Amino acid sequence: MSARTARTRLLAATTVALAAFALTACDNGKGVRDEGPSAASHSSAQPTGSTADGDTKAKPAGETGGSTAAPKGATTAGTSGGSGSAGKNGTGTTATRNPACNGANSKTTATEVSRPLNHLLLTVTNTGAKNCDLTGYPIARFGEAQSVPPVAESTHPQAVVTLAPGESGYAGVLLSAADGSGGNGYTAKTLVVGFAKGSSATPALPAKGVYVDDKLTVTYWQQSLDDALAY
């Protein structure tokens, strides 16, 4: 290779190096061309729950999107109605009682009957404008007696006797033993009939009075006259 050729190549190499140096002057000095900030460099990580416009508020635990967690058992569709059965008397139904039949809303009569022997029939008639319940048995006090006769438990009705206005209920009274086996007998001319609730009644007895002894017994109030005299 001649000296001329060598010089020519050296000159060319120098020219290329200078051109490369000139291009490097536009770099950032680190070998990377600076083309300005990227779009990603302008955005920073948003905190959880922040909004796009930068209005960021910390949310309490369990709260999302501005909603508050409903209390346990609450509904989100409004208030639900109660499940109790009002007025339920512990049975699941609403119980209504009629007023008790007594001396204030009924009329009581006492009638001596021929059959069965030595029996008196008590009749209670509803004189009010509403139904009344004739419960229990007559608390009968004859004359000046210090006690009232017992009730025959075998006569307990299957249901409460309810009297509509104008209707009657009944009770039988065994006055004395038919075979004369009773003792402590006497003739009573007055009678007071008490009820389970309310005022009593004073039905009239026959003018001659009625004879009673220690066999004196009453039945429960009955819906039927025949049931009252069956004892």
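Residues numbered from 1 in each chain as written. Predicted model: local features only at pLDDT ≥ 70, side-chain atom pairs only at ≥ 80, totals over all residues. Heavy atoms only, no water.

### Some remarks on the overall build of the protein chain
Under the convention used in this document: A run of H or I in DSSP becomes a helix once it reaches four residues, and a run of E becomes a strand once it reaches two; helices and strands are each numbered from the N terminus. Each residue is assigned to one of three classes by its accessible area relative to the maximum for its type, calculated with a 1.4 Å probe on protein chains only: buried under 20%, partly exposed between the two thresholds, exposed over 50%. Contacts: residue pairs with any heavy atoms within 4.5 Å of one another.
Each helix and strand counted, the protein chain has 2 helices and 10 strands in total. Along its sequence from the N terminus, the protein chain presents helices and strands in the succession α-β-β-β-β-β-β-β-β-β-β-α. Per-residue burial over the protein chain gives 25% buried out of 231 residues. Counting contacts in the protein chain only where the partners sit at least 6 residues apart, residues at least 24 apart contribute 75% of the total.

### What about the pairing of strand β4 (residues 139-142)?
Using the following cut-off: Only strands joined by at least two bridges in the DSSP assignment are considered to pair.
Covered by surrounding structure in β4 are A140 and F142 only, the residues I139 and R141 on the alternate face being uncovered. Sheet analysis places β4 next to strand β8 (residues 191-194), joined by 4 bridges and oriented antiparallel. In the strand pairing of β8, A140 is matched with V193.

### Some thoughts on the sheet that holds strand β6 (residues 168-174)
Across the sheet, 4 strands lie side by side as β1-β2-β6-β10; this open sheet has antiparallel pairing. Pairing within the sheet leaves two strands with one partner each, and these edge strands are β1 (106-113) and β10 (217-218). Here 7 bridges tie strand β2 (residues 119-126) to β6, and the two strands are oriented antiparallel to one another. Counterpart to T125 in the pairing with β6 is S168.

Geometric values such as these leave the question of function open.
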